[in-house]
Amino acid sequence: MPQLLLQGFPEGAIRIGPSLSILDKEGVRTYFVGPDNYFSHPIGDAGAQRFAIASLIGNSHVRSCEITRSPLGIPRRTLMNWTRQLAEQGASSFFAPRAVRGGAVMTPEKIAECEGLLRLGASVAAAAREAGVKESTLRKAVGSGRVARPEGLDRPPMEDAGTTKSQRSRLDAQAAQGLGTACTRADERVEAAMGLVQSTTGRFERCRDVPFGGVLAGLPALCGNGLFSGLGKHLCLPAGFYSAMHILTVLGFMALARIRRPEGLRHLPPGELGKVIGLDRVPEVRTLREKISRMGADGTVSEWMKELSSAWMEADPAEAGYLYVDGHVRVYHGDGALLPRRFVSRERLCLRGTTDYWVNDAIGRPFFVVSKTVTDGLSAALLNDIVPDLLATVPQQPSQQELDADPLLHRFVIVFDREGSSHSLLSKLWKQRIGAITYRKNVKDKWPESEFKEVDVPVPGGGSTKMKLATRQATLSAGKASIPVTEVRRLTDTGHQTAIITTARSLSSPVLAGRMFSRWCQENFFGYMMEHYDIDGLVEYGSQELPGTTEVVNPVWRTLDKAVRGNLRKIRKLHAELGKQSLDDDPAGMQKQAELHQDIEQLEADTNELRAQRRETKRKVRIDTLPEDQRPQELLPVSKMLTDTVKMIAYRAETALVGLLRPHLGKEADARALIRELFVSAADIEPDEQGNRLLIRIHRMASPAHDKAIAALLAELTGLNFRHPETGMEMVFELA
């Protein structure tokens, strides 16, 4: 484990990761590893900076993801190029003279040729193709004034520039008289209906002002997070106009563009959305639902989710060593299924629904989700459904020999709230050498404030904060059984002490506090996903029977328990009223006291009788022993699992783009808001078949500052040389 920085480190230093800090002072940048001066160079020396950061990463003093999330904001791909350069070419390569730029592309002859083409009415793109130069090069020359453009020809001819929105809307409406609204590729649809082709092939058209065109900027991140990784292996569709890739693209774009449910497509022009995915129109709502159901029924969605989870963990093994688990109740308000009731904390009511147990990392990125219609709580879900998958997928687990040699060593750590803070769960997890961090229940004592010391607490994702912490070794008992734990308490400014316990006793108190208090990232994740990704929404209507051997709470026992609780509330209320009457010596008050005593005695007798009946009634019974109208059911799970997986991919893709945008904006909330604005922005789509390029020219944002940030993001996306997964065109992004 990296050593924590000592206190008293120079003021003004930027903390990057648990062991690296950078200090800019008097024109010199100094890199500190712990308290030691690792390397220094003048500010602005790009070669020395590249060498310093590459050597720090190569020597494992810092991780590339920590550099990317820091104020330096260097993209991960760039960092990987630097480390590869250091390994293959050595340190001297960073200080070698740069190659001299070649000759100018826009020679006087090329300038004259391009000006002649523009005078003839050619667009910039057409003139560039004809002259044999890059379109971006010609646009820069036109913008700088080196290439003159005739007056009145600022806009290229309409047939070359692409169709306008009004032209497309008329064509889409005319198509409604044939196969349907926006079904302009009638021949391809007929061929698909007759079984002559497996599916249609995406083909982009030259279009202007396409709504939601900005969502194409999210396609590289969707692909990078595995949107199409399950095609052919876990997901497929029979022959038809739409392929499985088209359906996944539609679902991914819907999630990014905040189109919450398939029904939302009814209120948007289908032809305009079709242009974004390279088709004439998106599927109709009923068709989309049928395709989702078919993909879920014919495929192995659960296996796809497990493969994605494993890949995400392998990509960031350090964060995969700390898993955050929490339950989220998906409330069901319909009447098509009889679901069990459970307590919903955000509503403070017992409502019918399904409990989803999400597994995330410390910065809120999800790994997978387990849905349970009938659940015995967090402990049962962890032990039966989550831990077996984690044991098989969490990377870099110690071997059995290492575990035998070190009795305090753990495989990985699970973080959860006080619902799982019990001796039973913690001991069963530690029996498999899985550490747990949680809050301690029923803390009544207070530690002396003299025990608390202010320390630097590393924050997952980079940076640190200061907390007042105290640590003791303690035990968690249940009867005669006990398990040793480390207890860490945090003292707040108000004097409140928050108690944390863990079975991962090899971890230091600052690490334990940083990891436990990062659990709020998962709470924020639930709120964000409910608001923006509609994780509670239904995708497929219908229900199915639960296995008859499943045990559920006995309705009779529940009725008796509710009656007991109701009587106890009435008794407490009567005792409070009796206390008020005891202060009154008036004869009428004495009579009232007698009546209250009588009512209390009667309620206590009734309560005792109800308690006796409750004791004689089984708390849980098998479903097949209940009457037909009382047997719980479950919602159809497969389609929901498919859409949840796509939404996880979309959230991780959005988070990746936010990480690229953070260096240009101050707050993460501002970056997320700007990314959302980007996804719903209109764009011009300009395919170049000869150059095999797809230019996405996105319309401007609301302010120059946002334009500058988005332009930098689009430049990075273009630098990836990403190719469209279906057409193979290289995607180029720029602002209009």
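Rules of the game
- Sequence order sets the numbering: in each chain, residues are counted from 1 along the sequence as written.
- Side-chain atom pairs in this predicted model are given and counted only at pLDDT of 80 or more, local residue features only at pLDDT of at least 70, and totals for whole chains, interfaces and linings cover all residues.
- Side-chain metrics rest on all non-hydrogen atoms present in the structure, leaving aside hydrogens and water.
- Working definition: helices are DSSP H or I runs of at least four residues, strands are E runs of at least two. Numbering for both runs from the N terminus.
- A 1.4 Å probe rolled over the protein chains alone gives each residue an accessible area, and that area as a share of the maximum for its type sets the label: buried under 20%, exposed over 50%, partly exposed in between.
- Contact definition: two residues touch when any of their heavy atoms are within 4.5 Å.
- In these tables, accessible area is a Shrake-Rupley quantity obtained with a 1.4 Å probe, and a residue counts as shielded only by the protein chains included in the view.
- Note on charges: Lys and Arg go in the positive column, Asp and Glu in the negative column, and His and the chain ends are not counted at all.
- A charge is said to be at NZ when it belongs to Lys, at CZ for Arg, at CG for Asp and at CD for Glu.
- Along the chain, pLDDT gives the predictor's confidence residue by residue, from 0 to 100.
- Lines fitted to C-alpha atoms define the axes, with helix axes restricted to the stretch in contact, and inter-axis angles between N-to-C directions lie between 0 and 180 degrees.
- To sort the angles, those under 35 degrees are grouped as roughly parallel, those over 145 as roughly antiparallel, those from 65 to 115 as roughly perpendicular, and the leftovers as oblique.
- Definitions for this section: a left-handed crossing has its near helix turned counterclockwise from the far helix by less than a right angle. A right-handed crossing has that turn clockwise.
- Basically, the charged four are Asp, Glu, Lys and Arg, the nonpolar ten are Ala, Val, Leu, Ile, Met, Phe, Trp, Tyr, Cys and Pro, and anything else, Gly included, counts as polar.
- Exposure above 30% relative accessible area and no salt bridge define the residues that can form patches, which grow by joining like charges within 9 Å and nonpolar side chains of Val, Leu, Ile, Met, Phe, Trp and Tyr within 5 Å.
- A pair is scored as a salt bridge if a Lys or Arg side-chain nitrogen falls within 4 Å of a carboxyl oxygen belonging to Asp or Glu.
- Put simply, a nonpolar core is a bunch of buried Ala, Val, Leu, Ile, Met, Phe, Trp, Tyr and Cys residues held in one set by side-chain atoms that sit within 4.5 Å of each other.
- The pairing criterion is simple: DSSP has to find at least two bridges between the two strands.
- Helix span, as expected, comes to 1.5 Å for every residue beyond the first.
- Arc definition: directions from the helix axis to the C-beta atoms.
- Polar contact is defined as a pair of N or O atoms within 3.5 Å, subject to the rule that within protein one atom must be able to donate a hydrogen and the other to accept it, and that residues adjacent in sequence are counted only when both atoms are side-chain atoms.
- The rule is short: rings of Phe, Tyr and Trp, with Trp giving its six-membered ring, pair when the centres are within 6.5 Å, and they are stacked under 30 degrees, edge-to-face over 60, tilted in between.
- Only when the NZ atom of a Lys or the CZ atom of an Arg is both within 6 Å of the ring centre and within 35 degrees of the ring normal do we say a charge sits over the ring.

1. A word on the overall build of the protein
At step 1: Per the secondary structure count, the protein includes 25 helices and 22 strands.
At step 2: Each principal axis of the C-alpha atoms in the protein carries an extent, and together these give about 110 × 75 × 60 Å.
At step 3: Relative to its full complement of 736 residues, the protein shows a buried share of 48%.
At step 4: Excluding contacts between residues fewer than 6 apart, the proportion of contacts in the protein whose partners are at least 24 apart in sequence is 64%.
At step 5: Looking at the protein as shown, the accessible area adds up to about 36,000 Å², and 51% of this sits on carbon and sulfur atoms.
At step 6: Of the side-chain charges in the protein, 96 are positive and 90 negative, and the distance between the mean point of each set is 2 Å.

2. So, the confidence of the model for the protein
At step 1: In the predicted model, the protein carries a mean pLDDT of 86, and 95% of its residues have values of at least 70.
At step 2: Between residues 1–8, whose pLDDT stays under 50, and residues either more than four places distant or in other chains, the model counts 18 contacts.

3. Some points on the packing of helix H11 (residues 244–256) against helix H13 (residues 285–298)
At step 1: Viewed as axis vectors pointing N to C, H11 and H13 meet at an angle of 110°, and their least axial separation amounts to 11 Å. Relative to H13, H11 is oriented roughly perpendicular. In the crossing of H11 with H13, the sense of the turn from one axis to the other is left-handed. Contacts between H11 and H13 involve Ala244, Ile247, Leu248, Val250, Leu251 and Met254 from the first element and Leu288, Lys291, Ile292 and Met295 from the second.
At step 2: Considered class by class, the residues forming the contact of H11 with H13 number nine nonpolar, no polar and one charged.

4. Thoughts on a nonpolar patch on the surface
At step 1: On the surface, a nonpolar cluster with roughly 420 Å² of combined accessible area is contributed by Leu179, Val190, Met194 and Leu196.
At step 2: One can find Leu196 in the loop between helix H9 (186–193) and strand S5 (207–210).
At step 3: A relative accessible area of 59% places Leu196 in the exposed class.

5. Points about the nonpolar core
At step 1: Ranked by internal contacts, the top residues of the largest apolar core, which has 114 residues, are Leu390 and Ile414.
At step 2: Those residues in contact with Leu390 that sit more than four places away from it in its chain are Met313, Leu323, Val359, Phe368, Gln397, Phe412 and Ile414.
At step 3: Core analysis: the second largest hydrophobic core is formed by 19 residues, Tyr322, Ala362, Leu512 and Ala513 among them.

6. Regarding the sheet that holds strand S2 (residues 20–25)
At step 1: Read from one edge to the other, the open sheet built from four strands follows the order S1-S2-S3-S4, with strand pairing classed as antiparallel. A single partner strand is all that each edge strand has here, and the edge strands are strand S1 (14–16) and strand S4 (36–42). Across this sheet, the average inter-strand angle for adjacent strands is 20°, counted without regard to direction.
At step 2: Two elements, S1 and S2, share three bridges in a ladder whose sense is antiparallel. The residue bridging Arg15 from the neighbouring strand is Ser21, located in S2.

7. A closer look at the sheet that holds strand S21 (residues 693–698)
At step 1: Pairing is mixed in the open sheet, where four strands are placed in the order S5-S20-S21-S22. Looking along the sheet, the strands with just one partner apiece sit at the ends: S5 and strand S22 (730–735). Neighbour-to-neighbour, the strand axes of the sheet open up by a mean angle of 20°, direction not taken into account.
At step 2: As paired elements, S5 and strand S20 (residues 683–688) share two bridges and run antiparallel to each other. Of the residues in S20, the one forming a bridge with Val210 is Ala683.

8. What about helix H14 (residues 301–315)?
At step 1: Between the first and last C-alpha of H14 there are 21 Å, a value that for 15 residues agrees with the 21 Å anticipated at 1.5 Å per step.
At step 2: Regarding H14, the residues found buried are Val301, Trp304, Met305, Leu308, Ser309, Trp312 and Met313. An end-on view of H14 places all buried positions within 170° of arc, on one side of the element.

9. Here's the deal with the environment of Leu635
At step 1: Relative to the elements of secondary structure, Leu635 occurs in strand S19 (residues 633–635).
At step 2: Along the sequence, Leu635 and Gly364 sit 271 residues apart, while their C-alpha atoms lie 27 Å from each other.

10. Quick look at the side chain of Arg289
At step 1: Take Arg289: it is sitting in helix H13.
At step 2: Looking at Arg289, the relative accessible area reads 12%, which means it is buried.
At step 3: Side chain to side chain, Arg289 and Glu263 meet in a polar contact 2.4 Å long.
At step 4: When neighbours within four sequence positions are excluded, Arg289 is seen to be in contact with Pro262, Glu263, Leu538, Val539, Glu540 and Tyr541.

11. Some remarks on unusual backbone geometry
At step 1: Located in the positive-phi region is Ala182, a residue other than glycine, with phi close to 65°.
At step 2: Position of Ala182 relative to the elements: it lies in the loop between helix H8 (165–175) and H9.
At step 3: Taking relative accessible area as the criterion, Ala182 reaches 0% and is therefore assigned buried.
At step 4: Of note, Asn692 is a non-glycine position whose phi angle comes to about 55°, a positive value.
At step 5: Looking at where Asn692 falls in the secondary structure, it is placed in the loop between S20 and S21.

12. A short note on the packing of helix H23 (residues 637–661) against helix H24 (residues 668–679)
If you want to describe how two helices pack, look at the angle between their axes and the distance between the axes.
At step 1: Between H23 and H24, whose axes approach to 9 Å, the crossing angle comes to 115°. For the pair H23 and H24, the sense of crossing is right-handed. Along the contact surface, H23 presents Tyr651, Glu654, Thr655, Leu657, Val658 and Leu661, while H24 presents Glu668, Ala671, Arg672, Leu674, Ile675 and Phe679.
At step 2: Considered class by class, the residues forming the contact of H23 with H24 number eight nonpolar, one polar and three charged.

13. Here's the deal with the packing of aromatic side chains
At step 1: This model, assessed by the stated rule, comprises 10 aromatic pairs.
At step 2: Between the aromatic rings of Tyr528 and Tyr651, the centroid separation amounts to 6.1 Å while the plane-to-plane angle is 65°, which identifies the pairing as edge-to-face. With a gap of 123 residues between them, Tyr528 in helix H20 (residues 520–533) and Tyr651 in helix H23 connect regions that are remote in the sequence. In terms of burial, Tyr528 and Tyr651 fall into one category: buried.
At step 3: Of note, Arg490 hangs over the ring of Phe517, and the distance from its end group to the ring centre comes to 5.1 Å.

14. Let's talk about the pattern of salt bridges
At step 1: In the structure shown here, the tally under the stated rule is 40 salt bridges.
At step 2: Measuring nitrogen to oxygen at the nearest pair gives 2.7 Å for the salt bridge that ties Arg365 to Asp361. The pair formed by Arg365 and Asp361 is uniform in burial state, with each residue classed as buried.
At step 3: A salt bridge links Glu654 to Arg672; its shortest N-O distance comes to 2.9 Å. Here Arg672 lies in helix H24 and Glu654 lies in helix H23, a separation of 18 residues in the sequence. The pair Glu654 / Arg672 is uniform in exposure class, with both members buried.
At step 4: Sharing partners across several salt bridges, the network here consists of Arg63, Glu66, Asp316, Glu319, Asp361, Arg365 and Arg515.

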